[in-house]
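Survey of secondary and tertiary structure
So you can see what is in the structure, the chains are spelled out below.
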Amino acid sequence: MRVRLLDLSEQYRSLEKEIRVATDEVLASQRFILGPKLTEFETAAAEYCGAPHAIGVSSGTDALLAVFMALEIGLGDAVITTAYSFFANGGCIARVGATPVFIDIEPETYNISASALWQYIDKRCHVVEGKLVNENRQLIRALVPAHLFGLCCDMNEMLAVAREHNLVLIEDAAQAIGAEFLLENGRAKAGTIGDAGCFSFYPSKNLGAAGDAGLIVCHHDEFADRLRLCRQHGMEARYEHEFVGGNFRLDELQAAILKVKLPHLDSWSAARREAAKFYTSEFERADVRERIRLPIEPYAKSGLMNHHIYHQYVIRTPERDALREHLATCEIETAIYYPLALHEQPCFEYLGYKPGDFPEAERAAHETLALPIYPEISRDAQRYVVNCIAEFFG
Ligand SMILES: Cc1ncc(COP(=O)(O)O)c(C=O)c1O
């Protein structure tokens, strides 16, 4: 039996007619950039997330980049982020000329560790004229936690750090649209807790476009206006550029498709949660729970529906590479998110990190394996995956 890591063909079939109508409208209008479909999608996305402003952009990477550019983060600044995530966070910090500062992760959730973060600030930073400065005399401007695999970071802690040290809190919610977190003052969705939230609609995301697409949500009117300028090269009046931005626009075709898909997102995330639950029960049945670590659900008892949206179902074992090879021979696709921690990336060698600096991130990079998961995955396919894993551990 062949099991794909992700198969969206059934999802497309169920929405094909609506998507074709929506894209035909765009084609008939011949309006491709900054038109009504974008406004409609932004309004719907803002309402879905519970944020006053949503700004469609060209990708999740560009969402992060636009936020950093709009904040004028640059040379002499440092930005704190997780050591274990997709490259975009570190890459965008470096692209604006700032220095990425990595922090180790929690081994159970793979999200940034609040205790490691406090420790970095206590041991390696000091406050100068009310501002947080690190040992390299860089001004720490922002904190960028990433909600990895569809599970929110501990945002109570992230808010506490950001407030205490006056840092801009930017959520990398690329993998977590719709995921919820219980704050001290009530529930909130990923991306709306900090000063800005960045989303990716890369086709494999829970809400996927038919190409690259992204979104920024934020609370402040002025910042939203600035981000709208930023996605058009900082242009206010035609061909008058207030500041340097980029071409970060979300086009009409992508916006039209995303608008059709958005109303289905919660049911897709619920189906992913059901699939995750089934994996867990099957691993119990197959008696391999002792051999692998399964994803945890730290907020399951919070009463939040989307306490986890299972963008990925990630298991871990020190025998990861051999297990992956075995699964490949069983025609089961898997993925490694991510084979290197960010401080191990060749392009970040200049930052001077050493092996062992972030042991949990490094270990995760060697041990984690993402199993096939998507809303329509069949229970037969999942049972087969679990049986093949059980066979490997024999
Ligand atoms: C955690 C995280 N951040 C940022 C991004 C960047 O998004 P995009 O691929 O849309 O540029 C991704 C996408 O893979 C991601 O997973």
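Located above this text is the structure these notes cover.
Before going into details, it helps to say that this report is about the structure given with it.

Scoring rules and cut-offs
- Per-chain numbering applies: the sequence of each chain, read as written, is numbered from 1 onward.
- It should be noted that, the model being predicted, local features are given only for residues of pLDDT at least 70 and side-chain atom pairs only at 80 or more, the latter also being counted only at that level, while totals for whole chains, interfaces and linings use all residues.
- Side-chain measures here rest on the full set of heavy atoms in the structure, leaving out hydrogens and waters.
- Note on definitions. A residue lies near a molecule or strand when any single heavy atom of the residue is within 4 Å of it.
- For this analysis, a polar contact is any N or O atom pair within 3.5 Å, provided that within protein one partner can donate a hydrogen and the other can accept it, and provided that sequence-adjacent residues contribute only side-chain to side-chain pairs.
- Under the convention used here, a 1.4 Å probe and the Shrake-Rupley method define accessible areas, while residue burial counts only the protein chains that appear.
- The nonpolar class holds Ala, Val, Leu, Ile, Met, Phe, Trp, Tyr, Cys and Pro. Asp, Glu, Lys and Arg form the charged class, and all remaining residues, Gly among them, are polar.
- Strands are labelled as partners when DSSP assigns at least two bridges between them.
- Only DSSP runs of H or I reaching four residues or more are called helices, and only runs of E reaching two or more are called strands; each is numbered from the N terminus.
- We define the nonpolar core as a collection of buried residues of types Ala, Val, Leu, Ile, Met, Phe, Trp, Tyr and Cys that are connected through side-chain atoms lying within 4.5 Å of one another.
- Only protein chains enter the accessibility calculation, which uses a 1.4 Å probe; a residue whose area is less than 20% of its type maximum is buried, one above 50% is exposed, and one in between is partly exposed.
- Residue contacts follow a heavy-atom distance rule, with two residues in contact if any of their heavy atoms lie within 4.5 Å.
- Under the pairing criterion, centres of Phe, Tyr and Trp rings, with the six-membered ring standing for Trp, must be within 6.5 Å; the plane angle then separates stacked pairs below 30 degrees from edge-to-face pairs above 60, leaving the rest tilted.
- Here, a charge over a ring means that NZ of Lys or CZ of Arg falls within 6 Å of the ring centre while also lying within 35 degrees of the ring normal.
- For helices, the fitted axis covers only the stretch in contact; all axes are lines through C-alpha atoms, and the angles between them, taken along N-to-C directions, range from 0 to 180 degrees.
- Each angle receives one of four descriptions, namely roughly parallel if under 35 degrees, roughly antiparallel if over 145, roughly perpendicular if within 65 to 115, and oblique otherwise.
- For a crossing to be left-handed, the near helix must be turned anticlockwise from the far one by less than a right angle; the clockwise case is right-handed.
- Only residues whose relative accessible area exceeds 30% and that take part in no salt bridge are eligible for patches, with like-charged residues grouped when within 9 Å of each other and nonpolar side chains (Val, Leu, Ile, Met, Phe, Trp, Tyr) grouped when within 5 Å.
- The rule for a salt bridge is simple: a side-chain nitrogen of Lys or Arg has to be within 4 Å of a carboxyl oxygen of Asp or Glu.
- Counted as positive: Lys and Arg. Counted as negative: Asp and Glu, with His and the chain ends omitted from the count.
- Here the site of a charge means NZ on Lys, CZ on Arg, CG on Asp, or CD on Glu.

Residues in close proximity to the ligand include Ser59, Gly60, Thr61, Ser85, Phe86, Ala88, Asp172, Ala174, Gln175, Ser200, Lys205 and Tyr338, which together make up its full environment. Take Gly60: an N or O atom from its main chain is 2.8 Å from an oxygen atom of the ligand. Within the side chain of Ser200, an N or O atom sits 2.7 Å from an oxygen atom of the ligand. Contact with the protein chains hides 92% of the accessible area of the ligand, taken as 390 Å² for the molecule alone. For the shell around the ligand, the per-class residue count stands at 4 nonpolar, 6 polar and 2 charged.

Pairing of strand β4 (residues 125-128) with strand β5 (residues 131-134) involves 4 bridges; the strand directions are antiparallel. Looking across to β5, one finds that His126 is bridged to Val133.

Phe41, Leu143 and Phe201 are the most contacted members of the largest nonpolar core, which totals 64 residues. Per-element accounting of this core gives the leading share, 7 residues, to helix α2 (residues 36-49). Ignoring anything within four residues of it in the chain, the contact list for Phe41 reads Phe201, Leu215, Leu250, Ala255, Leu258, Lys259 and Leu262. By size, the runner-up hydrophobic cluster in this structure holds 33 residues, among which are Ile55, Val96, Ile216 and Phe223.

This part takes up the packing of aromatic side chains. This structure, assessed with the given rule, holds 16 aromatic pairs. On the numbers, 4.8 Å between centres and 35° between planes, the contact of Tyr279 with Tyr313 is tilted. In this pair, Tyr279 sits in helix α9 (residues 265-285) while Tyr313 sits in strand β12 (residues 313-316), placing the two residues 34 residues apart along the sequence. The pair formed by Tyr279 and Tyr313 is uniform in burial state, with each residue classed as buried. Ring-pair connections join several aromatic residues into one group, and the members of that group are Tyr84, Phe86, Tyr110, Phe149, Tyr337 and Tyr338. A cation over an aromatic ring shows up here: Lys189 above the ring of Tyr48, its NZ or CZ 3.7 Å from the ring centre. Its end group placed over the ring of Phe243, Arg226 keeps NZ or CZ at 3.9 Å from the ring centre.

A few words on unusual backbone geometry. The step from Tyr337 to Tyr338 runs through a cis peptide bond, and the omega angle for that step is 15°. Mapping Tyr338 onto the fold places it in the loop between α10 (320-329) and α11 (359-367). For His233, which is not glycine, the phi torsion reads 55° and is therefore positive. In this structure, His233 sits in the loop between α7 (221-230) and α8 (252-261). Classification of His233 by relative accessible area gives partly exposed; the value is 39%.

By the bridge criterion, 4 bridges tie strand β8 (residues 180-183) to strand β9 (residues 186-189) in an arrangement that is antiparallel. Within the sheet, the bridge partner assigned to Glu180 lies in β9 and is Lys189. Between the end of β8 and the start of β9, which pair antiparallel, lie 2 residues.

A word on the packing of helix α1 (residues 9-29) against α8. Relative to each other, α1 and α8 sit at 140°, their axes nearing to 9 Å. Relative to α8, the element α1 lies oblique. Considering the relative orientation of α1 and α8, their crossing is right-handed. Residue-level contacts link Gln11, Leu15, Glu18, Ile19, Ala22, Thr23, Val26 and Leu27 of α1 to Glu252, Leu253, Ala256, Ile257, Val260 and Lys261 of α8. In the contact of α1 with α8, the residues fall into 9 nonpolar, 2 polar and 3 charged.

Here the focus is a negative patch on the surface. Taken together, the side chains of Asp221, Glu222, Asp225, Glu236, Glu240 and Glu242 define an acidic patch exposed on the protein surface. Checked against the element boundaries, Glu242 lands in the loop between α7 and α8. Taking relative accessible area as the criterion, Glu242 reaches 49% and is therefore assigned partly exposed.

This part takes up a nonpolar patch on the surface. Residues Leu27, Phe32 and Ile33 make up a contiguous nonpolar surface patch of roughly 240 Å² in combined accessible area. Mapped onto the elements of the fold, Phe32 is located in the loop between α1 and α2.

Read these as geometric descriptors, not functional statements.
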